[in-house]
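Observations on the three-dimensional arrangement
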Amino acid sequence: MTFPNPLGLAAGFDKDAEIPDAMLGLGFGFVEIGSVTPLPQPGNPKPRLFRLTQDHAVINRMGFNNQGGAAVHAHLTRRRRNGIVGVNLGKNKTSEDAVTDYVRGIERFAGIADYLVVNVSSPNTPGLRALQGRRELTELLLAVLGARNARPGAEARPPVLLKVAPDLTDEDKTDIAAVAAETGVDGLICTNTTISRPQGLQSPSRSETGGLSGRPLAELSTSVLADMYRLTRGQIPIIGVGGIHDAATAYAKIRAGASLLQLYSALVYQGPALVGRLLDGLEECLERDGFSRLSEAVGADHRDNG
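Since the structure is predicted, the reported quantities are computational estimates derived from the model, not experimental observations. (Residues numbered from 1 in each chain as written. Predicted model: local features only at pLDDT ≥ 70, side-chain atom pairs only at ≥ 80, totals over all residues. Heavy atoms only, no water.)

**Here's the deal with the packing of aromatic side chains**
Spelled out, the test is: Stacked, tilted and edge-to-face pairs are distinguished by plane angle, under 30 degrees for stacked and over 60 for edge-to-face with tilted covering the rest, among Phe, Tyr and Trp rings (Trp via its six-membered ring) whose centres lie within 6.5 Å. Working definition: helices are DSSP H or I runs of at least four residues, strands are E runs of at least two. Numbering for both runs from the N terminus. Throughout, exposure labels follow a simple rule: accessible area from a 1.4 Å probe, protein chains only, divided by the maximum for the residue type, with under 20% read as buried, over 50% as exposed, and the rest as partly exposed.
Scanning the model with the defined rule gives three aromatic pairs in all. Here Phe3 and Phe30 contribute two aromatic rings whose centre-to-centre distance is 5.1 Å and whose plane-to-plane angle is 70°, an arrangement assigned as edge-to-face. Pair noted here: Phe3 is in the segment before strand E1 (7-9) and Phe30 is in strand E2 (residues 30-36), with a separation of 27 residues, a long-range link. Phe3 gets classed as partly exposed once you look at its relative accessible area, which sits at 22%. With relative accessibility at 0%, the residue Phe30 sits in the buried group. When the centroid spacing of 6.3 Å and the interplanar angle of 65° are considered together, the rings of Phe30 and Tyr115 count as edge-to-face. With Phe30 in strand E2 and Tyr115 in strand E6 (residues 115-119), the pair connects residues that are 85 residues apart, well separated along the chain. Across the pair, exposure class does not vary: Phe30 and Tyr115 are buried alike. Aromatic ring contacts, followed pair by pair, group Phe3, Phe30 and Tyr115 into a single cluster.

Given below as structure tokens:
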């Protein structure tokens, strides 16, 4: 795939595909909508979203609130603008068959999405992160990729990416990398929000339950990204997301192994002008380090370290 620029809007902002074209118009190179579950669901009880203003962070426990697959598909069919839009898939909270939920998502959106994301890393749906285990993940990805591959016509078989959590042990990361290689998944997204709470958080809401995003996530997320790039030997494209708030944090993910980037929480504190500033800043970083194009910088830290 060819992207107009490397900076995308992460899932969670436009859960129901109501404004993907407007967000592309702000300068994003691509937009990821969702997470979308097969059936509509209201999400967790409110309050469920908290600004950590002093920390430039957010805690959420939304719980995959969305209008459901049918409504989101209808919204996507009415799009008027060209541009890359991916669909992030989740499972319904009450579903006892997660694999079937993800397969239904593939079957519904494969013909209209530019890429699809299997999201097993949100901390706000009970049992979801357990799907990152080696056996469970293998079963899930084989089913999902099988459903994608069974569709007629190459245009109806978009890339499938796996979105992982930042709260992984070394064994978890090794297993996920092995499963990704064995199943032939097309890419990874590193990472979702964290259930950890880094030391030094100042905001009153810092103890709320849910996933933490924003500046405090940057170091942890980039570290996981670097590990996954190393474990996959740079053979699987990675989208870096988590804590990006300036050109330095964006460029760090590129050098750690990301081919593309996403952000969301930083928009809360810096607004849409951040998109242009980041893209300009990335160009300056590449020029400073002697790279003529972004692809040359992908994984540069690993080469520098031997």
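**Some remarks on a negative patch on the surface**
Convention followed: Residues form patches when they are more than 30% accessible in relative terms and have no salt bridge. Like charges link within 9 Å. Nonpolar side chains (Val, Leu, Ile, Met, Phe, Trp, Tyr) link within 5 Å. The method behind every accessible area is Shrake-Rupley, applied with a 1.4 Å probe, and residues are considered shielded solely by the protein chains displayed. Salt bridge, as applied in this entry: a Lys or Arg side-chain nitrogen positioned within 4 Å of an Asp or Glu carboxyl oxygen. A positive count includes Lys and Arg, and a negative count includes Asp and Glu. His and the chain ends are not counted in either. The atom standing in for a charge is NZ when the residue is Lys, CZ when it is Arg, CG when it is Asp and CD when it is Glu.
Together, Asp280, Glu283, Glu284 and Glu287 line one region of the surface with negative charge. By the secondary structure assignment, Asp280 is in helix H9 (residues 274-288).

**Some remarks on the sheet that holds strand E4 (residues 57-60)**
As a reminder, the rule being used: Here the rule is simple: two strands pair whenever DSSP picks up at least two bridges between them. Where helices are involved, their axes are fitted lines through C-alpha atoms of the stretch in contact, as for all axes, and angles between N-to-C directions lie from 0 to 180°.
Pairing in this open sheet of three strands is antiparallel, and the strands run E3-E4-E9 from one edge to the other. Strands at the two margins of the open sheet, each flanked by one partner only, are strand E3 (49-52) and strand E9 (211-214). With strand direction ignored, the average angle separating the axes of adjacent strands in the sheet is 20°. Here E3 runs beside E4; their pairing, made up of four bridges, is antiparallel. From the neighbouring strand, Arg51 faces E4, where its bridge partner is Val58.

**What about the pairing of E6?**
Stated formally: A right-handed crossover is one whose linking path, passing over the helix from the first strand to the second, runs clockwise when the strands point away from the viewer.
The buried fraction of E6 amounts to five of the five residues, a majority that puts the element mostly inside the structure. Residues Tyr115, Val117 and Asn119 point to one face of E6 and Leu116 and Val118 to the other, with burial holding for every one of them. Note: strand E5 (residues 84-89) against E6, four bridges, orientation parallel. Counted as the bridge partner of Leu89 is Val118 from E6. Once the chain exits E5 it traverses helix H3 (residues 98-109) before rejoining the sheet at E6, and the crossover so formed is right-handed. Alignment of E6 against strand E7 (residues 160-164), held across four bridges, turns out to be parallel. Bridge assignment links Leu116 to a residue of E7, and that residue is Val160. In the classification by handedness, the crossover that spans E6, the intervening helix H4 (residues 134-149) and the parallel E7 is right-handed.

**Focus on the packing of helix H7 (residues 247-256) against H9**
The test is simple: Any angle between 65 and 115 degrees counts as roughly perpendicular, while under 35 counts as roughly parallel, over 145 as roughly antiparallel, and the rest as oblique. Crossing handedness is read from the near helix: turned anticlockwise from the far helix by less than a right angle, it gives a left-handed crossing, and turned clockwise, a right-handed one. Any two residues having at least one pair of non-hydrogen atoms within 4.5 Å are treated as being in contact. Under the scheme applied here, ten amino acids are nonpolar (Ala, Val, Leu, Ile, Met, Phe, Trp, Tyr, Cys and Pro), four are charged (Asp, Glu, Lys and Arg), and all others, including Gly, are polar.
One way to put it is that H7 packs onto H9 with a least axis distance of 9 Å and a crossing angle of 55°. When the axes of H7 and H9 are compared, the pair comes out oblique. The interaxial crossing formed by H7 with H9 has right-handed handedness. On H9, the residues that touch Ala247, Ala250 and Tyr251 of H7 are Leu278, Gly281, Leu282, Cys285, Leu286 and Arg288. For the contact of H7 with H9, a count of residues per class yields seven nonpolar, one polar and one charged.

**Examining a nonpolar patch on the surface**
Residues Phe13, Ile19 and Tyr264 make up a contiguous nonpolar surface patch of roughly 230 Å² in combined accessible area. You can see Phe13 is positioned in the loop between E1 and helix H1 (20-25). Of the residues examined, Phe13 reaches a relative accessible area of 33% and is grouped as partly exposed.

**What about the pattern of salt bridges?**
Taken as a whole, this structure holds 14 salt bridges when the rule is applied. Note that Lys173 is salt-bridged to Asp170, the shortest N-O span being 3.7 Å. Residue Lys173 and its partner Asp170 are located together in helix H5 (residues 170-183), separated by three residues, close to a single helical turn. The exposure class assigned to Asp170 is exposed, which follows from its relative accessible area of 59%. We note a salt bridge from Lys173 to Asp227, for which the minimum N-O separation is 2.7 Å. Of the two residues, Lys173 is situated in helix H5 and Asp227 in helix H6 (residues 218-231); the sequence distance between them amounts to 54 residues. Both residues of the pair, Lys173 and Asp227, belong to the buried class.

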